[in-house]
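Observations on the model geometry
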Amino acid sequence: MPDGSTSVARRSAVVSEFTNSVLDPDAPMLGPVENGGTIIANTAPGCWGPMITPRLRGGHEVTTPVFVAGAEVGDGVAIRIRDITVTSIATASGHDSSPEGFCLGDPYVAARCPVCDTVWPETHVEGIGGNAVKCDACGNTVKPFEIVHGYTVTFDETRTVGLTLPTEAAETIAHDAAHYAALPDGSRQHSILTYAPSDMPGTLVRMRPFLGQLGTCPSMAMPDSHNAGDFGAFLVGAPHSYAITEEQLAEHKTDGHMDIDAVRAGAILVCPVKVQGAGVYMGDMHAGQGDGEIAGHTMDVSGSVTLQVEVVKGYPLDGPVLFPLEEDLPPLARPFTAAEKAKGQRLADKWNVAEIEPMAPISVIGTAANLNAAIDNGLERAAKLLGMTVAEVRNRATINGAIEIGRAPGVIQVTFLAPLSRLDAVGLGDYAREQYGL
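Residue numbers here run from 1 along each chain, matching the order of that chain's written sequence. Thresholds applied to this predicted model are a pLDDT of at least 70 for local features of residues and 80 or more for the giving and counting of side-chain atom pairs; totals over whole chains, interfaces and linings are not thresholded and use all residues. Based on all heavy atoms of the structure, the side-chain values leave hydrogens and waters out of the count.

With respect to the packing of aromatic side chains
Note on ring pairs: Phe, Tyr and Trp rings are taken, using the six-membered ring of Trp, and paired if centres are within 6.5 Å. Classes follow the plane angle, with under 30 degrees stacked, over 60 edge-to-face and the rest tilted. Within the structure shown, the criterion is met by 5 aromatic pairs. Look at W48 and F145: their rings are 6.2 Å apart centre to centre, the planes differ by 75 degrees, and that puts the pair in the edge-to-face class. In this pair, W48 sits in helix α1 (residues 48-51) while F145 sits in the loop between β8 (133-135) and β9 (146-155), placing the two residues 97 residues apart along the sequence. Relative accessibility under 20% of the residue-type maximum defines a buried residue, over 50% an exposed one, and the middle range a partly exposed one, all with a 1.4 Å probe and only protein chains included. Taking the relative accessible area as the measure of exposure, W48 reaches 0% and is therefore buried. Measuring from ring centre to ring centre gives 6.1 Å for W120 and Y242, while their planes differ by 70 degrees; the resulting arrangement is edge-to-face. One end of the pair, W120, is in the loop between β6 (90-97) and β7 (123-125); the other, Y242, is in the loop between β13 (222-223) and α4 (246-252), with 122 residues separating them in the sequence. Comparing W120 with Y242 shows no difference in burial state: the two are buried. An aromatic cluster of three or more residues is present, and its members are W48, Y108, F145, F231 and F234. We note R57 situated over the ring of W120; from NZ or CZ to the ring centre the distance is 3.7 Å. Secondary structure follows DSSP: runs of H or I at least 4 residues long count as helices, runs of E at least 2 residues long count as strands, and numbering of each begins at the N terminus. Only when the NZ of Lys or the CZ of Arg is both within 6 Å of the ring centre and within 35 degrees of the ring normal is a charge said to sit over the ring.

Shown next, in the form of structure tokens:
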């Protein structure tokens, strides 16, 4: 139950249920799972499949949130990502456009049949191609999105590389789309493989899977892909029933939709708790993506995920922080080697510096309607977290870190070496020690 009052917390929760693409704090959660427990899930593809499934109301199809025992409003939840494994055999993606008339203000949130004027119509698939999704009520094609330039890609058995396919092969896969997408049994989306795009065949790609959606439930009902400052801005003053104000967006979102490629197996993500029990959810697994996701979309796949969750009491931020794998850190933000520390100590001895400040990497997430505003948000969050001025954060991120783009138009990471004593003061120091062997 949402308040965790009628169930004993279990050591693990296996999740096979999905939302209708809306994260609703008033809806029942799964669990509860105990503090320190494990969540295992088989996730459905995000983005394109839900985008061509008008009944879904958020552009993704994420798992039903899980109640974490002991997580209270104002706390955080540390999520250790133990495993991410791609189960899809193939997927399709591409740069999009939104044809006129197929939505009420926002094609991600309020798809519409322009013939019978039904919002969120039930639909079915007839044949393959970009006109294959049909309205159950009137038989009209419903396509809130079209692929401008796209591709179908299949993966090798080891799930390390993929290859984009020519038209004939893409169409063969399209006729058995759900199988090749490995859609979970509980998924309600139409597979984007049905569209059979094939505009750049013969392109070899590397796989580097991560979760585009991972976080905690917002404190008001919100379409899942809009649980972030950039996509969430589309809800402000919108003409559909999920419209909110700027103040509501800032208060209630938890920035679970990040599309940051470092949110992968081995990383530790700390998320804010804005509802009792946190409501940990996940989805939108990507087979790989360059920083910025500049096409707007990437290779969305089904997959299996194992997480371990732990409550962080008194977490001071309204958004996430990340402890990436060391190899995913910008060069200047990586922990110093023994040789570098020795050279630094010689400088300290020469110039009578009493102590070299122990430091550890941290990546603070910022989101907003555009990248400049997202950077400001990330800098302000980092300053609040560590009890320093924004000017100091700017200096530290310049000489000991970097600003990284998670997703255009407005998700960034402020990644830098922070004083370990400041991380200890907010209960995060031991995560840095664990992650980086400090």
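We are not done yet, so read on.
Observations regarding the side chain of S88
As for its placement among the helices and strands, S88 is situated in the loop between β5 (76-86) and β6. According to the relative accessible area criterion, S88 is buried, its value standing at 1%. Polar contacts involving the side chain of S88 include one to the main-chain amide nitrogen of S302, which spans 2.8 Å. A contact between two residues is defined here by any heavy atoms of the two lying within 4.5 Å. Setting aside residues no more than four positions away along its own chain, S88 makes contact with F155, R159, Y180, A181, A182, V301 and S302. We define a polar contact as two N or O atoms separated by no more than 3.5 Å, with the added condition that, inside protein, one atom must be a possible hydrogen donor and the other a possible acceptor, whereas residues neighbouring each other in sequence contribute only through side-chain atom pairs.

What about the pattern of salt bridges?
The rule for a salt bridge is simple: a side-chain nitrogen of Lys or Arg has to be within 4 Å of a carboxyl oxygen of Asp or Glu. Going through the model one piece at a time under the given rule, you end up with 21 salt bridges. Between D230 and R407 there is a salt bridge whose closest N-O contact spans 2.7 Å. Placement of the pair is D230 in the loop between β13 and α4 and R407 in strand β19 (residues 401-407), with a sequence separation of 177 residues. Connected through shared salt-bridge partners, R208, D261, R264, E327 and D328 make up one network.

Side note on unusual backbone geometry
A cis geometry characterises the amide bond from G31 onward to P32, with omega recorded as 5 degrees. Residue position: P32 is located in strand β3 (residues 30-43). The step from A408 to P409 runs through a cis peptide bond, and the omega angle for that step is 15 degrees. Topologically, P409 is positioned in the loop between β19 and β20 (411-419). One non-glycine residue, A278, lies in the positive phi region at around 75 degrees. Within the secondary structure layout, A278 lies in strand β15 (residues 278-286). Overall, the relative accessible area of 0% leaves A278 in the buried class.

Looking at the nonpolar core
Side-chain atoms within 4.5 Å link the members of a nonpolar core, which is a set of buried Ala, Val, Leu, Ile, Met, Phe, Trp, Tyr and Cys residues. In terms of nonpolar packing, the biggest core is built from 42 residues, with I39, L214 and L307 touching the most fellow members. Excluding its chain neighbours within four sequence positions, the residues that come into contact with L214 are I79, I81, G256, M258, V263, L269, C271, Y281, M282 and L307.

Section: the packing of helix α6 (residues 371-386) against helix α7 (residues 390-399)
When two helices pack together, their arrangement is captured by the angle between the axes and the distance separating the axes. The contact between α6 and α7 brings their axes to 8 Å, and the two run at 105 degrees. Relative to α7, the element α6 is oriented roughly perpendicular. Together, D376, L379, E380, A382 and A383 of α6 and V390, V393 and R394 of α7 make up the contact between the two elements. Amino acid classes used here: Ala, Val, Leu, Ile, Met, Phe, Trp, Tyr, Cys and Pro are nonpolar; Asp, Glu, Lys and Arg are charged; the rest, including Gly, are polar. Broken down by class, the residue content of the contact of α6 with α7 amounts to 5 nonpolar, no polar and 3 charged. Orientation is described by lines fitted to C-alpha atoms, with helices fitted over the stretch in contact, and by angles between N-to-C directions that extend from 0 to 180 degrees. An angle below 35 degrees is treated as roughly parallel, one above 145 as roughly antiparallel, one from 65 to 115 as roughly perpendicular, and anything else as oblique.

Re helix α5 (residues 338-350)
Expected helix span is taken as 1.5 Å per residue step, with the number of steps being one fewer than the number of residues. Spanning 13 residues, α5 covers 19 Å between terminal C-alpha atoms, matching the ideal 18 Å at 1.5 Å per step. Little of α5 sits out of view: just 1 of its 13 residues are buried. Among the residues trailing α5, N352 stands out with phi positive, at a value near 60 degrees.

Considerations on helix α2 (residues 167-174)
Within α2 the residues assigned to the buried category are A170, I173 and A174. Here the buried residues of α2 occupy an arc of 105 degrees about the axis, which is enough to place them on one side. Elements in contact with the buried residues of α2: β6, β9 and α3 (177-181). Comment: arc refers to directions from the helix axis out to C-beta atoms.

Some remarks on the environment of A432
Along the chain, the position of A432 falls in helix α9 (residues 429-436). Considered as a pair, A432 and D259 are 173 residues apart in the sequence and their alpha carbons are 22 Å apart. Beyond its immediate chain neighbours, meaning those up to four positions away, A432 contacts F323, A360, P361, L420, L423, G437 and L438.

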